[in-house]
Amino acid sequence: MNFHLLTLFPDIIKGYADSSIAAKASESGVISFDIVNIRDYARDKHKNCDDYPFGGGAGMVMKPEPLAGALDAVQAEHVRVIYPTPAGRLFTQHYAEELSRERDIVFICGRYEGIDQRIIDTYVDDEISIGDYVISSGEIAALVIADAVYRLIEGVINAESLAEESFTPGLLEYPQYTRPRDFRGLEVPKVLLSGHHERIREWRLKKSVEKTMQNRPELLETKQVSEEVLHILNDLPHGGINNGYYKGN
Ligand code: ADE
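Residues numbered from 1 in each chain as written. Predicted model: local features only at pLDDT ≥ 70, side-chain atom pairs only at ≥ 80, totals over all residues. Heavy atoms only, no water.

Quick notes on the packing of helix α1 (residues 10-17) against helix α6 (residues 138-150)
Contact geometry of α1 with α6 gives a least axis separation of 10 Å together with a crossing angle of 25°. The pairing of α1 with α6 is recorded here as roughly parallel in orientation. As for the relative orientation of α1 and α6, their crossing is right-handed in sense. Across the interface between the two elements, Ile-12, Ile-13 and Tyr-16 of α1 pack against Glu-139, Leu-143, Asp-147 and Tyr-150 of α6. Broken down by class, the residue content of the contact of α1 with α6 amounts to five nonpolar, no polar and two charged. (Axes fitted to C-alpha atoms, helices over the stretch in contact; angles between N-to-C directions. Helix = DSSP H or I, 4+ residues; strand = E, 2+ residues; numbered from the N terminus. Parallel < 35°, antiparallel > 145°, perpendicular 65-115°, else oblique. Left-handed = near helix turned anticlockwise from the far one by under 90°. Contact = heavy atoms within 4.5 Å. Nonpolar A, V, L, I, M, F, W, Y, C, P; charged D, E, K, R; others polar.)

Observations concerning the nonpolar core
Counting 30 residues, the largest nonpolar core has Phe-3, Leu-5, Phe-91, Leu-99, Phe-107 and Val-149 as the members making the most contacts within it. Contributions of two or more residues to this core are made by β1 (2-7), α1, α2 (20-27), α4 (93-99), β6 (104-108) and α6. Top element by residues in this core is α6. It accounts for seven residues. Counting 20 residues, the second-largest nonpolar core is a separate cluster that includes Leu-6, Leu-8, Leu-71 and Ile-120. (Core = buried A, V, L, I, M, F, W, Y, C linked by side-chain atoms within 4.5 Å. Buried < 20%, exposed > 50% of the residue type's maximum accessible area, 1.4 Å probe, protein only.)

Quick notes on α1
For α1, every residue scored as buried is listed here: Pro-10, Ile-13 and Ala-17. On an axial view of α1, the arc spanned by its buried residues comes to 70°, and they lie on one face. The secondary structure elements touched by the buried residues of α1 are β1, α2, β2 (32-37) and α6. (Arc of directions from axis to C-beta.)

What about the confidence of the model for the chain?
Averaged over every residue, the pLDDT of the chain is 92; the share at 70 or more is 94%. With pLDDT under 50 throughout, residues 241-249 is counted as low confidence; its partners more than four residues away or in other chains account for 22 contacts. (pLDDT = per-residue confidence, 0-100.)

Observations regarding the sheet that holds strand β7 (residues 126-129)
The strand order across the open sheet built from five strands is β2-β1-β6-β5-β7, with neighbouring strands paired in parallel fashion. At either end of the open sheet lies a strand with only one pairing partner, and these are β2 and β7. Pairwise comparison of adjacent strand axes, ignoring direction, gives a mean angle of 30° for this sheet. Inspection of the sheet shows strand β5 (residues 80-90) paired to β6 by three bridges, in the parallel sense. Among the inter-strand pairings, Val-81 is bridged to a residue of β6, identified as Val-106. (Pairing = 2+ DSSP bridges.)

A few points about unusual backbone geometry
Of the consecutive residues Arg-179 and Pro-180, the connecting peptide bond is found in the cis state with omega at 5°. Here Pro-180 lies in the loop between α7 (159-164) and β8 (182-183). At Lys-47, a residue that is not glycine, the phi angle is positive and equals roughly 55°. Within the fold, Lys-47 resides in the loop between β2 and β3 (50-51). The exposure class of Lys-47 is partly exposed, given its relative accessible area of 35%. Residue Arg-184 is not a glycine yet carries a positive backbone phi of 50°. Its location among the elements puts Arg-184 in the loop between β8 and β9 (186-187).

Some thoughts on the pattern of salt bridges
For the coordinates displayed, the defined rule picks out 13 salt bridges. In this structure, Arg-80 engages Glu-98 in a salt bridge whose closest nitrogen and oxygen atoms are separated by 2.7 Å. With a gap of 18 residues between them, Arg-80 in strand β5 and Glu-98 in helix α4 connect regions that are remote in the sequence. Overall, Arg-80 belongs to the buried group, its relative accessible area being 12%. The exposure class assigned to Glu-98 is partly exposed, which follows from its relative accessible area of 30%. Of the charged contacts in the structure, one is a salt bridge between Arg-80 and Asp-126, with a shortest N-O distance of 2.9 Å. Residue Arg-80 is found in strand β5, and its partner Asp-126 is found in strand β7; the two are separated by 46 residues along the sequence. (Salt bridge = Lys/Arg side-chain N within 4 Å of Asp/Glu carboxyl O.)

Here it is, written out as structure tokens:
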């Protein structure tokens with residue numbers, strides 16, 4: 001998969017692309033980062049990429065010509081053009097899975113008050129919001145989306161980790177522990193040291209259900225849950241279906 005990131009701040013993207021799993025995935029050829037500096041496509045002598053909004057109002061808007069130039073220069077046959085914006089559709093794991101089947105994804109990293117609407121109308125396939133809050137950097141929003149997407153591609157992360165983690169089965173992930181067994185008097189739960197796979201599985205499922213009830217109970221309400229999860233819910237001290245926490249099934 002090729003990510004084409006159109007930005008006024010290439011260093012933000014470079015720092016990410018050159019580190020950790022992203023760097024490994026590009027070294028092995030699974031993904032590539034094509035970083036395009038929008039300013040290279042500004043035509044005036046000051047290389048201006050933003051201007052005042054027509055109709056007045058605070059802030060600046062990214063001009064259409066440099067963006068169109070950068071978009072036209074992207075070398076790919078079929079691209080999905082994404083504009084991260086708080087005014088977009090909410091990004092989810094399901095959305096990430098859908099995007100992971102694309103070959104070339106273009107991100108327009110916005111700044112200021114956003115980009116000229118005519119670019120959205122003529123080039124953009126998806127306007128995506130990473131959450132109900134506003135950040136200053138479209139680069140960070142684009143990288144959040146790219147990260148959630150490329151890690152789903154085969155060979156980037158081991159398949160077992162993907163299967164177990166939060167959101168794949170509709171429950172939040174159970175707590176993890178590593179060495180030492182005793183950290184400042186806090187001991188690792190004994191069951192994890194027992195080597196008893198079935199008991200460990202049951203303990204982890206119970207912790208997942210408890211955590212989901214505590215932090216995101218609405219996830220359980222919208223899911224059809226297994227008999228085993230139903231039992232765990234019923235056994236919770238103040239929870240369970242009968243006390244009105246769980247309204248599913
Ligand atoms: N740019 C600024 N805030 C954003 C958000 N919440 N989602 C996507 N892009 C953004």
